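A closer look at the structure
Okay, here's what each chain looks like letter by letter:
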Amino acid sequence: MKTSVGVGIVGYGAYIPIYRIKDTEIARVWGRTRVPIEEKAVAGPDEDTVTMSVEATKYALRRAMIDPKEIGAVYIGTESPSYAVKPSATIIAEAVGISDEILAVDMEFACRAGTTAMQNIIGLIASGMIRYGLAIGADVAQGRPGDELEFTAASGAAAFILGKAEESLAIFEGSSSYATDTPDFWRREGEYYPRHSYRFTGAPAYFKHIIDASKALMSELELRPSDFNYVVFHQPNFKFPLRVCKMLGFNIEQAKPGLIVNSIGNTYAGSSLIGLAATLDVARPGERILVVSFGSGAGSDAFSIVTTDLIEERKARAPLVSELMSKRKYIDYAFYAKFRRKIRMR
Amino acid sequence: MGVESVPRYWRERRYRYRLIGSECKKCGRRYYPPRKVCLNCGSRELTEVKLAETGRVLSYTTIRVPPRGFHEYVPYVIALIELDDGTKLLSQLTDVNPEEIKTGIRVVATFRKVREQSEDGIIQYGIKFKPI
Amino acid sequence: MRRVFVVGTGLTRIGEHWDKSLRDLITEAILMAIDDASISTKDIEAIYVGNMSSGYLQGQEHLGSLVATWLGVPGVAACKVEAACGSGGAAFHQAYLAVASGLYDCVVASGVEKMTDAITSDVTSALIMADDQEYVAYMGATFVGLNALVYRYYMEKYNVRQEKIAAFSVHCHKYAKLNPYAQFRREVTLEEVLNSPMVADPIHLLEAAPIGDGAAAVILCSENFINRLKLKREVEVIASTLATDSISLYDREDLTTLKATRVAVEKAYKIAKVSPRDVDVLEVHDAFSILGVIHLEDLGFARKGEGWKLIEDGEVEVDGKIPTNLFGGLKARGHPIGATGIYQVVEITRQLQGRAGKCQVSDPELGLAQSVGGVGGTVVINLLKRVR
C-alpha cells in the first residue's frame, strides 16, 4: 500500500519500566531447566498501559518538537488497556496536553495493534484529515503463572508521532497488511490470563503472516532483503525473529539493533515498535528499515521506512532505547507476583 | 478521603496529570495546587502555569501503615519536593528503594497510577517523582 | 471581656472502651465535671463539643444537639467544634469566648473521640483529613508520614540524634504511670522505643500517640455565677488564643517551627502580661516525640534546635524548670483526638488546684495548655492561673 501524499515519522519515543525479573528466577519457582530469554521488563505497581504510554509519548513529543495541541488523532494499540471499557487514548491525550478536538480510540489486535494504529494514522494524514497523529503500541502483558508465556510476557510502550514527509526523520515508502482468522492465542471475556495453542503459533501463525506480509510489501516496492539496512520483526522470543530473518533472506546483522527481546522480553503491542525505536536510535540518514509486526488472531503489518537528514538531531532529544534498557532493578518472583497482581487480595 | 467520587476526581485531572499550578502576577510566587488568592501578597491575579518537572527532595519517609485504598502499594515513599522553579509540593517517590534516597537527591516528574477507587471503581492517576 | 473561671473538671479513663459509645463517654465526662463543680445540669447554658471524626467514624454529626439531649438539657446552646486534633482546644476557646463575651454565665467545654470503633486503616484515613485531601491525602500521605517528614528535616537541620528526641516518649510514660486515667500506665525504656516497629521512618510506634477512646469536660463560668452559687474561686483563664497556619507543609517557611504556636503564644503572653519564665506547669501536644521537642522551642522554653536539652537535663520533670506533660502527655496519657485539648486543661486545672497527686508540681501559679490541629494548621493556647 502506498500513499499519494508522503507520510513519515516526526517523533518517536519508547518507555521500558525499570524492574526486571530473570527467567532463571521464574524457572526456579516452576521447576524449569531451560529458559527462552535472559530477563524481562516488569511494570511497577503504579504503572499500567496508560502510564507507560504517557511517558513514551512525552519522549516522542520531545523529538517531534510540536505543540501537542496540533495532534489530531490518538490511537493506542494494546490488549491490556487500563479499563475493559473506557478508552485509554483519552487519558493519554489529557495527560500530555493534546486538545479535545481529536479522533481518539483504543484498538485491539494482540501484538500487532501498535502497528495497526500506525497504519490508521498514516491514512488519516495522507488523506489530509489531520496534520499530526499519535500511534502507540503498549502492553503490560500477563502470562499464566508457570506457563511458557510467563517467561517472556513483558511490559513496555512505544509512541510514534506521524506527519508530513517534509517534516519527518523517517518516511514511509509503503506498507502492507495481512490478516486471517487464525486462533493461535486468545483471551475470553472475564478470563485473567490468555490461552495459546503452543506449537500451532509457529508455522501457521507467526511465520506465515510475517512472511506473507513481508513478501507482499517487497514485491509491491520491488525491493529485496539486501536493499534494507535493518529489519525489525515482532519478538515473542529470541529464536523466532532470527529464524524468520533467515527464511526471508535477511542476515542477523540487519536484525541486531532491533532485537531486544532477550533483555526486555515480549512487550506485545510494543514489541516491534520498540524494536523500531531501537533501530532508529542507531540509524543514519538515508537508511532503509523493514518493520514487520505479528499479532495473534492473526495478522501482520509491514512497513518500509527510509530515514532522512533530520534523524541525527532528533534522536538525541530523548532517551535511547539502550539507555532505557540499561536502567534496571532486579526483583524476585515474590515482588513480581505482587507488582503484577498475581496474588489474591480478596 | 470521604466518599469515593468521580466528579471530585475529574475536576482536578488537568492539574494532577500535567503539574499545572498557579503563578501570582504581582509577586511571581508559584503554587501547587493552583489557588485563587496569593498566600504571599494577597493578590487575586493568579494565572495557570506549567511548573518545572525537575527538582530536589527536601524530606521523605516510607509509609508502612496505609490509609484506605493504598493497601496494595505499601510500603511506599512520600516526599516534600522543591521544584527547580521554587514551587514546593508533596508527592510520592517511585522506582526507588528507601535506602537509595537521601535528602537533596534530584528527581523528575513521572505520570503514574495513584490508586483505584475500589476494585471496580475508576483508576486515579497523578504525578510522582523518580530519581534522575 | 469578663473574667472567666474554671469551676469543675471531669474525664474518663482513656483506652479501648469496647462497651462504651461516643455518647456514653461524653455524658460520663460532663456529668463528672458538673458534680465536681457542685452545680446541676440545669445551670448549664451552653455546651461546646470538640470532636474531629464522628462523621467519618460513627456517621454521626450534630453532636451539639446529641449531647444536649443525652444530658437531659435540650434547649441550651450547643454545637460541635472542629479543628482536627486541636478540636478540644478550639472548643475550650469557644467556651471561653462565650463566657467572656457576657452572653453566657456557665458553659461546658468538652471533647470526645471514639476511635476504636474503626479499624486502623479507617483511623489512618480519618487522621489525614487534617490535611488537604485533594493534593496531599490524594498521594497516600498519612498523618504519621507528615510528621516523619518534619522529624527527618529537624534532625538533619540541627544535627540532632534520634535518641535525644525519642527520650520525650520515655518521659511521658514515666509520668503516665502515676495517672489513673492514662491509657498506658507503664514505663518504657529508650531502647524499647527505638526498637519498636517503624510506622513511617523515622517514627517508631512508641514515638506516636496511641489510638484510644475518651472524653473530658470542664465547666467555665463568670464571676457573677461563682458569687451567685457561692462556688470556690480557684482557677482563672487569663488568656485563650487561637491561630492558624497554612494547612499543608509545602506552604510553610520553616518545617521545624509551627508558626501558629508562635503567633498564638505570643499573643497569649501579651494578653496575660507574662513571659515563658512565669509558666510553672505545661501541657504540650506531643502527637509524636518530635512535636514535643518542637513545641518546647516554639513556646519559648528553649532555643530552636535545643528543645531536646530540656528533657536530657531533667528540666521537664516535676521538679524541673518547666514541668511538662506530667500526666503522660498524648503519648502515654493518650490522645482521643477531639478530647485531648480538654484533657490538657483538666490536667493544668488539677495541678493549680493541688489535686495532681503523685505528679504535683510544688505550688504552681501559672499553667499553659497547648492544643494543636494537624501539623500546626491550628494552635490553641490556654493560660490558666491560680486565684487566691
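This is a predicted model, so every value here is computed, not measured.

Side note on the overall build of chain C
Across its full length, chain C holds 14 helices and 11 strands. Against the 2.2 N^0.38 benchmark of 21 Å for 388 residues, chain C shows a C-alpha radius of gyration of 19 Å, consistent with a compact globule. Seen through its C-alpha atoms, chain C measures out along the principal axes to roughly 55 × 45 × 40 Å. Partitioning the intrachain contacts of chain C with sequence separation of at least 6 by distance along the chain shows that 76% fall at a separation of at least 24. Positive and negative side-chain charges in chain C, numbering 39 and 48 respectively, have mean positions lying 6 Å apart.

Quick look at the domain arrangement of chain C
Residues and elements named next belong to chain C. Domains assigned within chain C are domain 1 (4-119 + 212-236) and domain 2 (120-210 + 238-386). Put simply, the middle of domain 1 and the middle of domain 2, counted by C-alpha atoms, are 22 Å apart. Taken together, the 45 residues of domain 1 in the interface contact 48 residues of domain 2. In this assembly, domain 1 packs against domain 2 so that about 3700 Å² is buried in total across both faces, 67% of it on carbon and sulfur atoms. Applying the counting criterion to the domain 1 and domain 2 interface returns 1 salt bridge. The partner of Asp 36 in a salt bridge is Arg 355, and the shortest N-O contact between them spans 2.9 Å. Between domain 1 and domain 2 we count 17 residue pairs in polar contact (both at pLDDT 80 or more) in total. Broken down by secondary-structure element, the contributors of at least two residues to the side of domain 1 that touches domain 2 are β1 (4-11), α1 (22-36), α2 (54-58), α4 (87-100), β4 (106-113), β7 (214-222) and β8 (235-244). Residues of the side of domain 1 that touches domain 2, tallied by class, amount to 23 nonpolar, 16 polar and 6 charged.

Considering the interface of chain B and chain A
Tallying the contact residues gives 27 residues for chain B and 24 residues for chain A. In this assembly, chain B packs against chain A so that about 2200 Å² is buried in total across both faces, 46% of it on carbon and sulfur atoms. Looking only at chain B, the three residues that lose the most surface to chain A are Arg 18, Asp 95 and Phe 111 of chain B, adding up to 27% of its buried area. At the boundary of chain B and chain A, one finds 9 salt bridges. Notably, a salt bridge pairs Glu 119 of chain B with Arg 346 of chain A, separated by 3.0 Å at the nearest N-O pair.

Focus on helix α1 (residues 23-30) of chain A
Given 3.6 residues per turn, any residue in an α-helix points the same way as the ones three and four places further on. Every buried residue of α1 of chain A is listed here: Asp 23, Glu 25, Ile 26 and Ala 27 of chain A. Where α1 of chain A is buried, its residues contact β2 (19-22), β3 (39-42) and α12 (333-339) of chain A.

Some thoughts on the domain arrangement of chain A
Reports of interface size often rely on the accessible area that becomes lost once the parts have come together. Residue and element names in this part refer to chain A. According to the domain assignment, chain A contains domain 1 (7-169 + 314-339) and domain 2 (171-312). Facing the 61 residues of domain 1 at the interface are 56 residues of domain 2. Buried area between domain 1 and domain 2, both sides added, is near 4600 Å², and the carbon and sulfur share of it is 61%. When the area that domain 1 buries against domain 2 is broken down by residue, the three leading residues are Cys 111, Arg 112 and Lys 315, summing to 15%. One can count 3 salt bridges joining domain 1 with domain 2. Here domain 1 and domain 2 share 28 residue pairs in polar contact (both at pLDDT 80 or more) between them. Looking at the side of domain 1 that touches domain 2, the elements with two or more residues in it are β1 (7-15), β3, α4 (113-126), β6 (132-140), β7 (155-164), α10 (311-315) and α11 (321-326). A total of 7 residues in the side of domain 1 that touches domain 2 trace back to one element, the largest contributor, which is α4. Its residues placed into classes, the side of domain 1 that touches domain 2 shows 31 nonpolar, 15 polar and 15 charged.

Things to note about the pattern of salt bridges
Taken as a whole and assessed by the stated rule, the structure comprises 65 salt bridges over all chains. Put simply, Arg 56 of chain B and Glu 82 of chain B hold a salt bridge, and the shortest N to O gap is 3.1 Å. Here Arg 56 of chain B is found in strand β4 (residues 54-63), whereas its partner Glu 82 of chain B is found in strand β5 (residues 76-83), with 26 residues between them in sequence. Given a relative accessible area of 36%, Arg 56 of chain B falls into the partly exposed group. Taking the relative accessible area as the measure of exposure, Glu 82 of chain B reaches 23% and is therefore partly exposed. Bridged by salt links that share partners, the residues Asp 46 and Glu 47 of chain A together with Asp 95, Arg 112 and Lys 128 of chain B form one connected network.

A short note on the pairing of β1 of chain A
Put simply, side chains in a regular strand alternate between the two faces of the sheet. All names here are of chain A. In terms of residue burial, β1 counts as a mostly covered element, since 9 of its 9 residues are buried. In this structure, β1 lies alongside β7, joined through 8 bridges in antiparallel fashion. When the sheet's bridge partners are listed, Gly 13 is paired in β7 with Ala 159. Bridge count between β1 and strand β8 (residues 170-182): 2 bridges; the pairing is antiparallel. By the bridge assignment for β8, Gly 8 is matched with Ile 171.

As for the sheet that holds strand β14 (residues 329-330) of chain A
All names here are of chain A. Taken together, the 3 strands give an open sheet; going across it, the order is β3-β2-β14, and neighbouring strands pair in mixed fashion. Each edge of the open sheet is held by one strand with a lone partner, namely β3 and β14. Where β2 lies against β14, 2 bridges are found, and the strand directions are parallel. Pairing of Tyr 19 across the sheet is with Lys 329, part of β14. Where α1 meets the sheet, it contacts β2 and β3, and its direction lies at approximately 55° from that of β2.

A short note on the nonpolar core
Among the nonpolar cores identified, the biggest contains 145 residues, and Ile 161 of chain A, Leu 93 and Phe 129 of chain B together with Leu 383 of chain C are the most heavily contacted of them. Per-element accounting of this core gives the leading share, 9 residues, to helix α6 (residues 143-158) of chain C. Contact partners of Ile 161 of chain A, with chain neighbours within four places excluded, come to Gly 8, Ile 9, Val 10, Gly 11, Ala 60, Leu 61, Ala 64, Ile 66, Ile 71, Tyr 132, Gly 133 and Leu 134 of chain A. Ala 73, Leu 124, Ala 170 and Leu 276 of chain A belong to the second-largest nonpolar core, a separate cluster that totals 45 residues.

Re the arrangement of the chains
The interface with the most contacts, out of 2 pairs of chains in contact, is the one formed by chains B and C. Here chain A and chain C are not in contact; the least distance found between their C-alpha atoms is 12 Å.

Quick word on unusual backbone geometry
Most of the time, phi is negative for any residue but glycine, and the peptide bond is trans. In this chain, Gly 297 of chain A is followed by Ala 298 of chain A through a cis amide linkage whose omega measures 0°. As for its position among the elements, Ala 298 of chain A is in strand β13 (residues 297-307). Cis rather than trans, the peptide bond between Asp 201 of chain C and Pro 202 of chain C has omega equal to 5°. Along the chain, the position of Pro 202 of chain C falls in the loop between β5 (198-200) and β6 (203-204). With a phi close to 45°, Ala 110 of chain A is a non-glycine residue in the positive phi region. Topologically, Ala 110 of chain A is positioned in the loop between β5 (103-107) and α4. Of note in the backbone geometry, Lys 273 of chain C takes a positive phi value of approximately 60° without being a glycine.

Section: the interface of chain B and chain C
Taken residue by residue, the interface counts 41 residues in chain B and 37 residues in chain C. Across the salt bridge formed by Arg 16 of chain B and Glu 134 of chain C, the nearest N and O atoms sit 3.0 Å from each other. Here chain B is connected to chain C by 15 residue pairs in polar contact (both at pLDDT 80 or more). Those elements that place two or more of their residues in the side of chain B that touches chain C are α1 (6-10), α2 (13-18), β4, β5, β6 (88-93) and β8 (123-131) of chain B.

Overview of a positive patch on the surface
All names here are of chain A. A surface patch of positive charge is lined by Arg 34, Arg 199, Lys 239 and Arg 243. As for its position among the elements, Lys 239 is in helix α6 (residues 239-248). On the basis of relative accessibility, which here comes to 54%, the residue Lys 239 falls in the exposed class.

Looking at the packing of aromatic side chains
Within the structure shown, the criterion is met by 21 aromatic pairs over all chains. Measuring from ring centre to ring centre gives 5.3 Å for Tyr 17 of chain B and Phe 111 of chain B, while their planes differ by 85°; the resulting arrangement is edge-to-face. Highlighted residues: Tyr 17 of chain B in helix α2 and Phe 111 of chain B in strand β7 (residues 106-116), separated in sequence by 94 residues. One exposure class covers both Tyr 17 of chain B and Phe 111 of chain B, and it is buried. The ring of Phe 109 of chain A has Arg 112 of chain A sitting right over it, with the charged end atom 4.4 Å from the ring centre. Sitting above the plane of the Trp 70 of chain C ring, Arg 23 of chain C keeps its charged end 4.4 Å from the centroid.

Conventions used here
Numbering of residues begins from 1 in every chain and follows the order in which that chain's sequence is written. A letter from A marks each chain and a number from 1 marks each ligand, given out in the order of writing. Totals for whole chains, interfaces and linings use every residue, but because this is a predicted model, local features are given only for residues with pLDDT of at least 70 and side-chain atom pairs only at 80 or more, for both listing and counting. Excluded from the side-chain calculations are hydrogens and water; all other atoms, namely the structure's heavy atoms, are used. Here a helix means four or more residues in a row that DSSP labels H or I, a strand means two or more in a row labelled E, and each is numbered from the N terminus. Computation of the radius of gyration draws on C-alpha atoms alone. For the globule rule, the value is 2.2 Å times the number of residues to the power 0.38. Any two residues whose heavy atoms approach within 4.5 Å are treated as being in contact. For the purpose of counting charges, residues Lys and Arg are taken to be positive, whereas Asp and Glu are taken to be negative. His and the chain ends are not included. Lys charges are placed at NZ, Arg charges at CZ, Asp charges at CG and Glu charges at CD. As used throughout, domain bounds are those supplied by an automatic or database domain assignment. Each of two parts loses accessible area, computed with a 1.4 Å probe, when they are put together; buried area is these two losses added. A carboxyl oxygen of Asp or Glu within 4 Å of a side-chain nitrogen of Lys or Arg is what we treat as a salt bridge. Here a polar contact is taken to be a pair of N or O atoms separated by no more than 3.5 Å, where protein atoms must pair a possible hydrogen donor with a possible acceptor and residues adjacent in sequence count only if both atoms sit in side chains. Classification convention: Asp, Glu, Lys, Arg as charged; Ala, Val, Leu, Ile, Met, Phe, Trp, Tyr, Cys, Pro as nonpolar; all other residues, Gly among them, as polar. Summary of the burial criterion: residues with accessible area below 20% of their type's maximum are buried, those above 50% are exposed, and those between are partly exposed, where the area comes from a 1.4 Å probe applied to protein chains only. Strand pairing is assigned whenever DSSP identifies at least 2 bridges connecting the two strands. Structural elements are reduced to axes, namely lines fitted to C-alpha atoms, with helices fitted over the stretch in contact, and the angle between N-to-C directions of any two is expressed from 0 to 180 degrees. For our purposes a nonpolar core is just a set of buried Ala, Val, Leu, Ile, Met, Phe, Trp, Tyr and Cys residues, chained together by side-chain atoms within 4.5 Å. Note on patches: the residues involved have over 30% relative accessible area and no salt bridge, like charges join within 9 Å, and the nonpolar side chains Val, Leu, Ile, Met, Phe, Trp and Tyr join within 5 Å. To be clear on the numbers: accessible area is Shrake-Rupley with a 1.4 Å probe, and residue cover counts the displayed protein chains and nothing else. In this analysis, rings of Phe, Tyr and Trp, with Trp reduced to its six-membered ring, are considered paired at centre separations within 6.5 Å, and the interplanar angle assigns stacked below 30 degrees, edge-to-face beyond 60, and tilted for intermediate values. Definition used: whenever NZ (Lys) or CZ (Arg) falls within 6 Å of the ring centre and also within 35 degrees of the ring normal, the charge is taken to sit over that ring.

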